[in-house]
Amino acid sequence: MFNVVLAGPRLALHLTRRLFAAGLVAAETVPRIATALDEMRATLRQLERLLAYIAEELPELAYQVEQIRARLDAEPEADHPEPAAPARVRRG
């Protein structure tokens, strides 16, 4: 009968301990989550800078490709003959 009387307080104590332990675990993870969020923000800032750089450089690259294409189109193909087939070696 004594066990039945103490079952309620034991259960309450057990649940309080588990709740306290879970609270400690949650409190320990908050700094890690904050650090991860800071790293993600830094990565996003870096990506933003990289994309801005690419956006600035793409028109210049397109211009250079067009210049190369115009030069290649302007050159006659006679200046660049097809390479001759390699000579066959007779084995005998």
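Everything below is about the structure printed above this text.
Residues numbered from 1 in each chain as written. Predicted model: local features only at pLDDT ≥ 70, side-chain atom pairs only at ≥ 80, totals over all residues. Heavy atoms only, no water.

## Things to note about the overall build of the chain
Scanning the chain for helices and strands turns up 1 helix and 0 strands. In the chain, buried positions account for 0% of the 92 residues. Carbon and sulfur atoms make up 64% of the accessible area of the chain, which amounts to about 9,200 Å² in all. (Helix = DSSP H or I, 4+ residues; strand = E, 2+ residues; numbered from the N terminus. Buried < 20%, exposed > 50% of the residue type's maximum accessible area, 1.4 Å probe, protein only. Areas by Shrake-Rupley, 256 points an atom, 1.4 Å probe, with all protein chains shown as cover.)

## A closer look at the pattern of salt bridges
The tally for this structure, following the rule as stated, stands at 2 salt bridges. Note that Arg 41 is salt-bridged to Asp 38, the shortest N-O span being 3.0 Å. Placement of both Arg 41 and Asp 38 in helix α1 (residues 2–74) is noted, with a separation of 3 residues, approximately one turn of the helix. Residue Arg 69 pairs with Glu 66 through a salt bridge whose shortest N-O separation is 3.0 Å. Pair noted here: Arg 69 and Glu 66 are both in helix α1, with a separation of 3 residues, about one helical turn. Judged by its relative accessible area of 45%, Arg 69 falls in the partly exposed class. The partly exposed category is assigned to Glu 66, whose relative accessible area is 45%. (Salt bridge = Lys/Arg side-chain N within 4 Å of Asp/Glu carboxyl O.)

## Some words on a nonpolar patch on the surface
Taken together, the side chains of Leu 44, Leu 47, Leu 50, Leu 51, Tyr 53, Ile 54, Leu 58 and Leu 61 present a nonpolar region at the surface, about 790 Å² in accessible area. Looking at the secondary structure, you find Leu 50 in helix α1. For Leu 50, a relative accessible area of 45% puts it in the partly exposed group. (Patch = residues over 30% accessible without salt bridge, like charges linked within 9 Å, V, L, I, M, F, W, Y side chains within 5 Å.)

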